[in-house]
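Report on the structure
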Amino acid sequence: MNGLFLLRRYFVTSMRAQLQYPASSLMLAFSALLTNAIELAGIWALFNRFGEVQGWRFGDICLFFGMVSISFSIADFMSRGFDVFGNEFVRTGDFDRVLLRPRTTTLQLVGYDFRLRVIGRLIQGLLVLAVATRALDLHWGVGEVALALWTIAGGVALFFGLVVLQATLAFWTVESLEVVNVVTYGGVQAAQYPLGFYTSWFRNFLIFVVPIACIAYFPVLAILHKADPLGAPGWFLPLAPAVGFAFLATSFVAWRFGVRKYTSTGT
Amino acid sequence: MNILRPYLAAFAARFKTMLQYRAAAVAGFTTQCWWGGLKVMVYTAFYRHSVHAHAPMTLAQVITYTWLGQALLALQPWGGDPEVAAAVRTGAVSYDRLRPVDTYTWWFIRAAAWMSARALPRAALMFAAAAVLLPLAGLDAWSWRAPADATQAGLFVLSLALMILLGAAFTMLINLCITATLTDRGINTLAPAFVILLSGNLIPLGLFPDWIQPALIAQPFAGMLDIPTRIYLGTLSGGAAWAGLALQVFWTLTFVMLGRKGIAGVMSRLEVQGG
């Protein structure tokens, strides 16, 4: 329980620090909202011009986009410490201090910083879900809501796992590898569209290598009560977000290995 | 020629310095490959499977547009010059004021050098990947095509040069905002939203609804990707191409005038930080 108490202290400190500059925090959150909302304008324009594609409509894309935005914003909120790990902890040697403290590295890195600006993306995700609900005339029963929450939980686990992997790589590269952003931010981008839009090797990449399809495409099909046009078995669809947790567990195995291999850069 | 010498030297120095960041160029290139590839697949799906296609561009044109957009990404004004932001923060801006050169021109030249040096290796890599490797790999349908004809290619070079000037002029407006507010955080997160949407970076401007097209072409950001690309593809040719170039010139001059006026105002009441 002491861990939770500490995490709350970290959280309160972080919030207080950011609220010292309320205008700046608000503006950053607003820009995040705007930048993400603009994506939607592009998708809307494409559907406006081309109409239905393979039976997919604008509302369906909104549902994919909204779910994955919410998952990513929550993961981003908690994983800032891992995100800047290479530059702020390994290169500076600050990780030594983290290791010396009598708490787990994960707890300290999660507590490192909670950024208020991600609220912009979260709000955008919720708004896009509202748009999807209107456009598709969705009925959110208990089953659908539970499935949506489960999908978001799986998504948070997957994105968190990706950032942990990025941090793990920093043990060897000594700086944060921006290339991983390709699969986090780029993954959010890829998850907006149904798998059928992509060519087969890219589909396999999104299912088996970085399993973003398992926390967006498959469970959203279950929410929509649609069968997978590509032939994934019906029982698998609602279970798919579990893959996100498996990914997170694997990431932490890699992380532990990295921590054991860690050699300080400090003097 | 003597008046120009310091500016040319500044351009050359900044250009050579920025070319040294090879790892950053490779990282940027990787990201752009992912983004470009994703977009190409999505456009292909839209063009192949849509119910009622009435697009003003062919799929091959949209794909070439996408690769060009990724290649020229660093030529678009994504934020202020980090060195100007640092100078304003540390007080080093007073050195810039003491130089026997015009501050606006000095910063403008440096911004232009900064953007073009970052764009050059990225564009070269992107061209090698999308125009040479993709066809060799048998993915001809996904590849970056040659310009429509020699005339269009010549006009494209002209338009590209104007795109650099226009981008630098807009960067100077951002620099101005940074100098006035003493921080780059606000404006650097706000400006990209406009660039993404209105330059054609998000989707080609021609794919937006027909009723909004005249407004989209006339606004300044069109000159930062859409006009050069349309000229390259040959969808803007003859008189229309020259009109496009004129629009780029018009907006560049407008931005330069605004920027010069703003800088004069800000500099007259600039408080230098630092001790």
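Residues numbered from 1 in each chain as written. Chains lettered and ligands numbered in written order. Predicted model: local features only at pLDDT ≥ 70, side-chain atom pairs only at ≥ 80, totals over all residues. Heavy atoms only, no water.

1. Some words on the overall build of chain B
Put simply, the rule is: Helical segments are the DSSP runs of H or I of at least four residues, strand segments are the runs of E of at least two, and each set is numbered from the N terminus. All radius of gyration figures rest on C-alpha atoms, and the globule criterion is 2.2 Å times the number of residues raised to 0.38. Each residue is assigned to one of three classes by its accessible area relative to the maximum for its type, calculated with a 1.4 Å probe on protein chains only: buried under 20%, partly exposed between the two thresholds, exposed over 50%. Pairs of residues are marked as contacts when any of their non-hydrogen atoms sit within 4.5 Å. Per-residue accessibility takes into account occlusion by the displayed protein chains alone, with areas from the Shrake-Rupley method and a 1.4 Å probe. Under this rule, positive means Lys or Arg and negative means Asp or Glu; His and the chain ends count for nothing. Think of each charge as sitting on NZ of Lys, CZ of Arg, CG of Asp or CD of Glu.
When helices and strands are counted, chain B shows 11 helices and zero strands. Moving toward the C terminus, one meets the helices and strands of chain B in the order α-α-α-α-α-α-α-α-α-α-α. A compact globule built from 275 residues would reach a C-alpha radius of gyration of about 19 Å, and chain B, at 20 Å, matches this within 12%. Taking the principal axes of the C-alpha coordinates as reference, chain B spans close to 65 × 40 × 40 Å. Looking at chain B as a whole, 52% of its 275 residues are labelled buried. A separation threshold of at least 6 residues defines the contact pool for chain B, and within that pool the share at least 24 residues apart is 80%. Total accessible area on chain B is roughly 12200 Å²; 69% of this is exposed by carbon and sulfur atoms. Of the charged side chains in chain B, 18 are positive and 10 negative; the average position of the first set lies 5 Å away from that of the second.

2. Here's the deal with the packing of aromatic side chains
Our working definition: When the centres of two rings from Phe, Tyr and Trp lie within 6.5 Å, Trp using its six-membered ring, the rings pair. Their planes under 30 degrees apart give stacked, over 60 give edge-to-face, and anything left gives tilted. Here, over-ring charges are defined by two tests on the NZ atom of lysine or the CZ atom of arginine: distance to the ring centre within 6 Å, and angle to the ring normal within 35 degrees.
Applying the stated criterion across every chain yields a total of 46 aromatic pairs over all chains. Ring centres 5.0 Å apart and planes at 85 degrees place the aromatic pair Phe85(A) and Phe95(A) in the edge-to-face group. Of the two residues, Phe85(A) is situated in helix 5 (residues 85-90) and Phe95(A) in helix 6 (residues 95-100); the sequence distance between them amounts to 10 residues. As far as burial versus exposure is concerned, Phe85(A) and Phe95(A) are alike and both buried. Look at Phe170(B) and Phe255(B): their rings are 5.6 Å apart centre to centre, the planes differ by 45 degrees, and that puts the pair in the tilted class. On the criterion of sequence distance, the pair formed by Phe170(B) in helix 7 (residues 150-181) and Phe255(B) in helix 11 (residues 239-268) is long-range, its members being 85 residues apart. Note on Phe170(B): relative accessible area 12%, which makes it buried. Linked through ring pairs, Phe82(A), Phe85(A), Phe89(A), Phe95(A), Tyr112(A), Phe160(A), Phe171(A), Phe252(A), Trp255(A) and Tyr262(A) together constitute an aromatic cluster. The side chain of Lys226(A) reaches across the aromatic face of Trp56(A), ending 4.2 Å from its centre.

3. Comments concerning the interface of chain A and chain B
For the record, the criterion: In short, buried area is how much 1.4 Å probe accessible area vanishes from two parts on joining, totalled over both. Any carboxyl oxygen of Asp or Glu that lies within 4 Å of a side-chain nitrogen of Lys or Arg is treated as forming a salt bridge with it. Between N or O atoms, a polar contact is any pair within 3.5 Å; within protein, one atom must be a potential hydrogen donor and the other a potential acceptor, and residues adjacent in sequence are included only when both atoms are from side chains.
Facing the 38 residues of chain A at the interface are 35 residues of chain B. Buried surface at the junction of chain A and chain B, summed over both partners, amounts to about 3300 Å²; 77% is from carbon and sulfur atoms. Inspection of the chain A/chain B interface yields one salt bridge. In this assembly, chain A and chain B are joined by seven residue pairs in polar contact (both at pLDDT 80 or more). Counting only elements with at least two residues in the side of chain A that touches chain B, the list comes to helix 2 (22-50), helix 10 (181-191) and helix 11 (200-209) of chain A. With 18 residues, helix 2 of chain A is the largest single contributor of residues to the side of chain A that touches chain B.

4. Some remarks on empty space enclosed by the protein
This is how the line gets drawn: A cavity here means a set of 1 Å grid points, computed over protein atoms only, where a 1.4 Å probe fits but cannot escape. A pocket is an open set with protein on both sides within 12 Å along at least 5 of 7 lines, and lining residues have an atom within 4 Å of a point. Grid points are joined across faces, edges and corners, and a volume is the space filled by probe spheres set on the points. Residue polarity is assigned by list, with Asp, Glu, Lys and Arg as charged and Ala, Val, Leu, Ile, Met, Phe, Trp, Tyr, Cys and Pro as nonpolar; anything else, Gly included, falls into the polar class.
Summed over all chains, the structure comprises three cavities of 30 Å³ or more. If you add up the space inside the largest cavity, you get close to 80 Å³. Lining the largest cavity are Phe72(A), Ala75(A), Asp76(A), Ser79(A), Asp83(A), Phe159(A), Val163(A), Gln166(A), Asn181(A), Thr184(A) and Tyr185(A). Elements supplying a minimum of two residues to the lining of the largest cavity: helix 3 (58-78), helix 9 (142-173) and helix 10 of chain A. Each residue belonging to the lining of the largest cavity can be placed in one class, and the counts come to five nonpolar, four polar and two charged. Within this model, the second largest cavity holds a volume of roughly 70 Å³. Taken together, Lys39(B), Tyr43(B), Tyr65(B), Thr66(B), Gly69(B), Gln70(B), Gly200(B), Asn201(B), Leu202(B), Ile203(B), Pro204(B) and Leu225(B) make up the full set of residues lining the second largest cavity. At the level of secondary structure, the elements contributing two or more residues to the lining of the second largest cavity comprise helix 2 (22-49) and helix 3 (59-71) of chain B. Among the elements that line the lining of the second largest cavity, the one with the most residues is helix 3 of chain B, at four residues. Grouping the amino acids of the lining of the second largest cavity by side-chain chemistry returns six nonpolar, five polar and one charged.

5. Here's the deal with the layout of surface pockets
It is a probe the size of a water molecule, rolled over the atoms, that shows where empty space is left. Considered as a void within the structure, the second largest pocket measures approximately 290 Å³ in volume. Residue lining of the second largest pocket: 16 residues in total, with Trp201(A), Cys33(B), Gly37(B), Trp67(B) and Trp142(B) positioned closest to the centre. Elements with a minimum of two residues in the lining of the second largest pocket: helix 11 of chain A together with helix 2 and helix 6 (103-136) of chain B. Within the lining of the second largest pocket, the residues separate by chemical class into 15 nonpolar, one polar and no charged.

6. Points about the nonpolar core
Heads up, the condition is: Within this scheme, the nonpolar core is defined by two criteria: the residues are buried Ala, Val, Leu, Ile, Met, Phe, Trp, Tyr or Cys, and they are joined through side-chain atoms within 4.5 Å.
Core analysis: the largest hydrophobic core is formed by 117 residues, its most contacted members being Tyr193(A), Phe197(A), Tyr198(A), Phe218(A), Phe46(B) and Trp144(B). Per element, the largest residue contribution to this core is 11 residues, and it comes from helix 3 of chain A. Apart from residues no more than four positions distant in its own chain, Trp144(B) is found in contact with Thr64(B), Trp67(B), Leu68(B), Ala71(B), Met126(B), Phe127(B), Ala130(B), Ala131(B) and Tyr232(B). Ala87(B), Val101(B), Trp107(B) and Met267(B) belong to the second largest nonpolar core, which has 31 residues in total.

7. Topic: the environment of Gly161(A)
Residue and element names in this part refer to chain A. Within the element layout of this structure, Gly-161 appears in helix 9. For Gly-161, a relative accessible area of 0% translates into the label buried. In the structure, Gly-161 is positioned 78 residues away from Leu-239 in sequence and 18 Å away in space, judged by C-alpha atoms. Those residues in contact with Gly-161 that lie beyond four places of it in its chain are Phe-247, Leu-248 and Ser-251.

8. Section: a nonpolar patch on the surface
Residues and elements named next belong to chain B. Stated precisely, the cut-off is as follows: A patch consists of residues whose relative accessible area exceeds 30% and which take part in no salt bridge; residues with like charges are grouped when within 9 Å of each other, and nonpolar side chains (Val, Leu, Ile, Met, Phe, Trp, Tyr) when within 5 Å.
A cluster of nonpolar side chains, namely Phe-127, Val-132, Leu-133 and Leu-136, defines an oily patch on the protein surface of about 410 Å² accessible area. Mapping Val-132 onto the fold places it in helix 6. Overall, the relative accessible area of 39% leaves Val-132 in the partly exposed class.

From the geometry alone we can't say anything about function, so treat these as descriptive.
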